[in-house]
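Geometric and topological summary
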Amino acid sequence: MDFPAYRPRRLRRNERLRALVRETALAPSHLIYPLFVGAGKDSARPVDSMPGVAQLSIDRAVKECEEAAALGIPAVILFGIPDHKDAVGSEAYADGGRVQEAVRAIKERVPGMLVVTDVCLCEYTDHGHCGVIKNGDVDNDATLELLAEEALSHARAGADIVAPSDMMDGRVGAIRRALDREGFAQVAIMAYAAKYASGFYAPFREAAESTPGFGDRRTYQMDPANGDEALREVELDIREGADIIMVKPAMTYLDVVYRVKQKFGYPVAAYNVSGEYAMIKAAAKNGWIDERRIVMELLFSIRRAGADMILTYFAKDAARELRGK
Ligand code: PBG
C-alpha cells in the first residue's frame, strides 16, 4: 500500500499507540549485571575509566545483588580480583578463591539471584593472558584442564551458569565433561563463543587488573574483520554443549548477533562491554549526549538484533528507567 492510503505516522501519534505497535520488548528480566569482586570489607574501589563501577568487597557485592534483585534483574556475572597472581592462575580454581567465596555469600543472602561466573585465567595470571604460556604463546590444550578445574570450583560454590571467556579451542567440551563427571549436569554453560580481540575491553582491564603483560590476545580472540568465522565458533560451542551463546562486544557486532540468532535459534547473550559503557559515560559527562536516552536506544538495538539477554554495566540504571523510578 502506498501513500496516502498508508501513512506510517498514523501509528506514531501518541505513546499509547507507539507502545501498541512496538516490536521489541525490553525488560529488567533481559539484563545481566556484571560485578567485580575484590578484597576487603565494606569497600568499593572506583574504576577511573568506568564511572559508577567499582571493585567491590564481597559484602558490598551482596548488597548490589540485593538492589539488583529488587529492580527485577535476574542475574549477575562475577569477575574476581585475586590477592596473588602467578604463572598458572592458581587462585582461579581455588575453592577458597574470591569468586567462589562471593558465589557462596550471594547464594546464601540473595538465593533467588542467578549467579553466572566468568571462567578465565587472565585476572589470575601474573602475565595477564587467558591461559598458561609456552614458547611465548598461550598453550591451548594445557589451559583446558585449568579452565575445567575453575568451572568445577565455581559449580561446587553454587554457580548456576559458568561462562568461559578465554577463547581456547575445545574449552566448552572440556568444561561440560568435567561438570557432568562431577555431578553438575544441571550447571549451564554460557559460552563467550564469538569473542573478538577488541579495543573496547580496555576499561575492563583496568577494573579486573588483567592487561596482558606482553603481546595481545589476537592469537586466541577473533579478528574483528570476520563474520562467517563467528558462525563456525558458535557451531563448535553448541556441539560441545553450550547452552547460551554470547557475542562480544555488542554495539559494533550487531550483525553477528543477528546472524547467530537467525542461524542457530539458540539463546543469545550480547555483552555491552566496558568501552561502550565508558564512551557513553564520557560523552554524557560533557553534556554531548543524553545518557538515559542513549542507553535505552542502545539496549533496544541489541534486543532488536536478536539478543535474548544483555550483559551490561547499565543494568541497574536501565531497570530503574523501565520501572519508571
Ligand atoms: C576475560 C574477560 C574480558 C572481558 C570479559 N571477560 C577481558 C578480555 O578478554 O580482555 C571484557 C568485558 C568488558 O570489556 O566489559 N577474558
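The text that follows walks through the structure, step by step, so that each part is easy to find. Here the residue index of a chain counts from 1 through its sequence in written order. Local features in a predicted model are, by the rule used here, given only for residues with pLDDT of at least 70; side-chain atom pairs are given and counted only at 80 or more, and totals for whole chains, interfaces and linings are based on all residues. As a convention, hydrogens and water are excluded, and side-chain values are obtained from all of the structure's heavy atoms.

Let us now look at unusual backbone geometry. Between Phe-3 and Pro-4 the backbone carries a cis peptide bond, its omega angle lying at 10°. Under the scheme used here, helices are H or I runs from DSSP no shorter than 4 residues and strands are E runs no shorter than 2 residues, and both carry numbers assigned from the N terminus. Relative to the helices and strands, Pro-4 resides in the segment before α1 (15-20). A cis geometry characterises the amide bond from Lys-248 onward to Pro-249, with omega recorded as -10°. The topology assignment puts Pro-249 in the loop between β10 (244-248) and α8 (254-264). The backbone of Asp-42 sits at a positive phi, close to 45°, despite the residue not being glycine. Here Asp-42 lies in the loop between β1 (31-37) and β2 (44-46). Even without being glycine, Glu-209 reaches a positive phi, approximately 50°. Of note, Glu-209 is situated in the loop between α6 (202-208) and α7 (228-240).

Next up on the list: the nonpolar core. For our purposes a nonpolar core is just a set of buried Ala, Val, Leu, Ile, Met, Phe, Trp, Tyr and Cys residues, chained together by side-chain atoms within 4.5 Å. Each residue gets one of three labels from its accessible area relative to the maximum for its type: buried under 20%, exposed over 50%, partly exposed in between, using a 1.4 Å probe on protein chains only. Of all hydrophobic cores here, the largest spans 115 residues; its most connected members are Phe-36, Leu-78, Leu-179, Met-190, Val-260 and Ile-302. Broken down by element, this core gets its largest block of residues, eight residues, from helix α4 (residues 140-157). Any two residues having at least one pair of non-hydrogen atoms within 4.5 Å are treated as being in contact. Ignoring sequence-local partners within four residues, the contact set of Leu-78 consists of Leu-35, Val-37, Val-99, Ala-102, Val-103, Ile-106, Val-115, Val-116, Thr-117 and Asp-118.

Moving on to the site of the ligand. In the vicinity of the ligand there are 19 residues, among which Lys-195, Arg-205, Lys-248, Ser-274 and Tyr-313 approach most closely. Counting of polar contacts relies on pairs of N or O atoms within 3.5 Å, with two restrictions inside protein: one atom must be capable of donating a hydrogen and the other of accepting it, and residues adjacent in sequence are counted only when both atoms are side-chain atoms. Contact between the ligand and Arg-217: an oxygen atom at 2.9 Å from a side-chain N or O atom of the residue. Here the ligand loses 100% of its free accessible area of 400 Å² to cover by the protein chains. In this analysis, the protein atoms alone were mapped onto a 1 Å grid. Cavities are point sets where a 1.4 Å probe fits without being able to get out; pockets are open sets with protein on both sides within 12 Å along at least five of seven lines; lining residues have an atom within 4 Å of a point. To qualify as sitting in a cavity or pocket, a molecule needs more than half of its atoms within 2 Å of the grid points. Taken atom by atom, the bulk of the ligand overlaps the largest cavity. Secondary-structure elements contributing two or more residues to the shell around the ligand are β9 (188-195) and α6. Proximity criterion: a residue is near a molecule or strand once any of its heavy atoms comes within 4 Å of it. All accessible areas in this document rest on Shrake-Rupley with a 1.4 Å probe, and a residue is counted as covered only by the protein chains that are shown.

By definition, no residue in a patch forms a salt bridge, and every one has over 30% relative accessible area; like charges are joined within 9 Å, nonpolar side chains (Val, Leu, Ile, Met, Phe, Trp, Tyr) within 5 Å. Any Lys or Arg side-chain nitrogen located within 4 Å of an Asp or Glu carboxyl oxygen qualifies as a salt bridge. Positive residues here are Lys and Arg, negative ones are Asp and Glu, while His and the chain termini are left out of the count. Charged groups are reduced to one reference atom each: NZ for lysine, CZ for arginine, CG for aspartic acid, CD for glutamic acid. On the surface, Arg-7, Arg-9, Arg-10 and Arg-12 cluster together to form a positively charged patch. Structurally, Arg-10 can be placed in the segment before α1.

Fitted lines through C-alpha atoms serve as axes, helices being fitted only where they are in contact, and the angles separating the N-to-C directions of these axes extend from 0 to 180 degrees. Relative orientation of the contacting elements α7 and α8 amounts to 45°, with a least axis distance of 10 Å. On the basis of the axis angle, α7 is oblique to α8. Helix-helix and strand crossings are classified by hand; for α7 and α8 the assignment is right-handed. Counting all contacts with α7, which are made through Asp-228, Ala-230, Leu-231, Val-234, Glu-235 and Ile-238, the residues of α8 involved are Val-256, Arg-259, Val-260, Lys-263 and Phe-264. Note on residue categories: nonpolar means Ala, Val, Leu, Ile, Met, Phe, Trp, Tyr, Cys or Pro, charged means Asp, Glu, Lys or Arg, and polar means any other residue, Gly included. Of the residues that constitute the contact of α7 with α8, the class distribution is seven nonpolar, no polar and four charged. Any angle between 65 and 115 degrees counts as roughly perpendicular, while under 35 counts as roughly parallel, over 145 as roughly antiparallel, and the rest as oblique. Take the far helix as your reference; a near helix turned counterclockwise from it by less than a right angle gives a left-handed crossing, and one turned clockwise gives a right-handed crossing.

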